[in-house]
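# Examination of the molecular architecture
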Amino acid sequence: RKEVEQDPGPFNVPEGATVAFNCTYSNSASQSFFWYRQDCRKEPKLLMSVYSSGNEDGRFTAQLNRASQYISLLIRDSKLSDSATYLCVVKGNFNKFYFGSGTKLNVKP
Amino acid sequence: GAVVSQHPSRVICKSGTSVKIECRSLDFQATTMFWYRQFPKQSLMLMATSNEGSKATYEQGVEKDKFLINHASLTLSTLTVTSAHPEDSSFYICSARSGGAGETQYFGPGTRLLVL
């Protein structure tokens, strides 16, 4: 079983739509969680960390559900510029970071 | 956010040659740097964890004699792909962890390697 699993998508949504991604992780002892964004042929860039209490940054909301071992990312009022691949990252044992395979989002006009 | 640079950004080489990729943290000291490889339409795969002043820790299946890692200072780690072959062609990305309580990884812009 993979450490981190994501639906690869693609999610095709119109501008202005609300879209949500989930990511599940296998190690219940994981302590740190992140969402990264990766544009085509570019390096990943940190979008936001995910705290136990959840956190919000503008149109982006991240939540953590420890009981079910998943994290989510909600994007409201989607923009064309939100089109990218969103990577779920979990910090596991021995300070290793595990990446999901990414969820591709296409926001269309 | 913190800045990490990689050099070169793109390299094309003949099969059998060695290629060195540099990863630098420009505005912070990175005790740990990570090296990843990403094939098209796949996720990043951790190759090794590089700790300053000590030997790198390689992931299972990654040949340490083929992918030589040196982390000589708190701002520089290098990855050398020795005797490169076409199957080594990939996107190589480094990342560095910020110090103190930070756990965030900051990624370099990546190096595209094409082995002919």
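Further up the page is the structure itself.
Presented here is an overview of the structure given in this document. (Residues numbered from 1 in each chain as written. Chains lettered and ligands numbered in written order. Predicted model: local features only at pLDDT ≥ 70, side-chain atom pairs only at ≥ 80, totals over all residues. Heavy atoms only, no water.)

Bringing the overall build of chain A into the picture now. Along the backbone of chain A there are zero helices and eleven strands. Walking chain A from its N terminus toward its C terminus, one meets helices and strands in the order β-β-β-β-β-β-β-β-β-β-β. Taking 109 residues into account, the globule formula puts the C-alpha radius of gyration at 13 Å, and chain A, at 13 Å, falls close to it. Considering only C-alpha atoms, chain A reaches an extent of 45 × 30 × 20 Å along its principal axes. Counting across all 109 residues of chain A, residues that qualify as buried make up 48%. In chain A, the share of contacts with a sequence separation of at least 24, taken over all contacts with a separation of at least 6, comes to 56%. Here chain A displays about 5,500 Å² of accessible surface, and carbon together with sulfur accounts for 48% of that area. Placing the 14 positive and 10 negative side-chain charges of chain A at their respective mean positions leaves the two points 5 Å apart. (Helix = DSSP H or I, 4+ residues; strand = E, 2+ residues; numbered from the N terminus. Rg over C-alpha atoms; globule rule 2.2 N^0.38 Å. Buried < 20%, exposed > 50% of the residue type's maximum accessible area, 1.4 Å probe, protein only. Contact = heavy atoms within 4.5 Å. Areas by Shrake-Rupley, 256 points an atom, 1.4 Å probe, with all protein chains shown as cover. Lys, Arg positive; Asp, Glu negative; His and termini not counted. Charge placed at Lys NZ, Arg CZ, Asp CG, Glu CD.)

Cis geometry is adopted by the peptide bond preceding Pro10 of chain A, which originates at Gly9 of chain A and carries an omega value of 10 degrees. Take Pro10 of chain A: it is sitting in the loop between strand S1 (4-6) and strand S2 (11-14). Of note, the bond from His7 of chain B into Pro8 of chain B is cis; its omega dihedral lies within 30 degrees of zero at 0 degrees. Turning to its location among the elements, Pro8 of chain B is positioned in the loop between strand S1 (4-7) and strand S2 (10-13).

Tallying the contact residues gives 17 residues for chain A and 17 residues for chain B. Between chain A and chain B, the buried area comes to about 1,500 Å², and carbon and sulfur atoms account for 52% of it. Of all residues in chain A, the largest losses of buried area upon contact with chain B belong to Arg41, Phe97 and Phe99 of chain A, amounting jointly to 34% of the total for that side. At the junction of chain A with chain B, the criterion picks out zero salt bridges. At the level of secondary structure, the elements contributing two or more residues to the side of chain A that touches chain B comprise strand S4 (32-38), strand S5 (44-50), strand S9 (84-91) and strand S10 (97-99) of chain A. Among the elements that make up the side of chain A that touches chain B, the one with the highest residue count is S4 of chain A (four residues). For the side of chain A that touches chain B, the class distribution of residues is seven nonpolar, five polar and five charged. (Buried area = accessible area lost by both parts, 1.4 Å probe. Salt bridge = Lys/Arg side-chain N within 4 Å of Asp/Glu carboxyl O. Nonpolar A, V, L, I, M, F, W, Y, C, P; charged D, E, K, R; others polar.)

Glancing now at the side chain of Thr80 of chain B. Residue and element names in this part refer to chain B. Within the secondary structure, Thr80 sits in strand S8 (residues 76-81). Note on Thr80: relative accessible area 15%, which makes it buried. Beyond its immediate stretch of four places on either side in the chain, Thr80 contacts Ser18, Val19, Lys20, Lys66, Phe67 and Leu68.

Okay, the sheet that holds strand S6 (residues 55-57) of chain A next. Residue and element names in this part refer to chain A. Taken in spatial order, the five strands make up an open sheet running S1-S3-S8-S7-S6, and their pairing is antiparallel. Both outer strands of the open sheet, S1 and S6, are each paired with one neighbouring strand and no more. Averaged over all pairs of adjacent strands, the angle between strand axes in this sheet comes to 20 degrees, irrespective of strand direction. Two strands pair when backbone bridges link them, and strand S7 (residues 60-65) and strand S8 (residues 70-75) are joined in this way by six bridges, in the antiparallel orientation. (Pairing = 2+ DSSP bridges. Axes fitted to C-alpha atoms, helices over the stretch in contact; angles between N-to-C directions.)

Counted under the stated rule, the structure contains two disulfides over all chains. With its sulfur 2.0 Å from that of its partner, Cys23 of chain B forms a disulfide with Cys94 of chain B. Its torsion about the S-S bond being 80 degrees, the disulfide of Cys23 of chain B and Cys94 of chain B is classed as right-handed. Pair noted here: Cys23 of chain B is in strand S3 (residues 19-25) and Cys94 of chain B is in strand S9 (residues 90-97), with a separation of 71 residues, a long-range link. Pair check on accessibility: Cys23 of chain B and Cys94 of chain B agree, each one buried. Looking at the unpaired Cys40 of chain A, the closest cysteine sulfur is the one in Cys94 of chain B, lying at 20 Å. Here Cys13 of chain B stays unpaired: no disulfide links it, and the sulfur of Cys94 of chain B, its closest cysteine neighbor, is 18 Å away. For Cys13 of chain B, a relative accessible area of 10% translates into the label buried. (Disulfide = S-S within 2.5 Å.)

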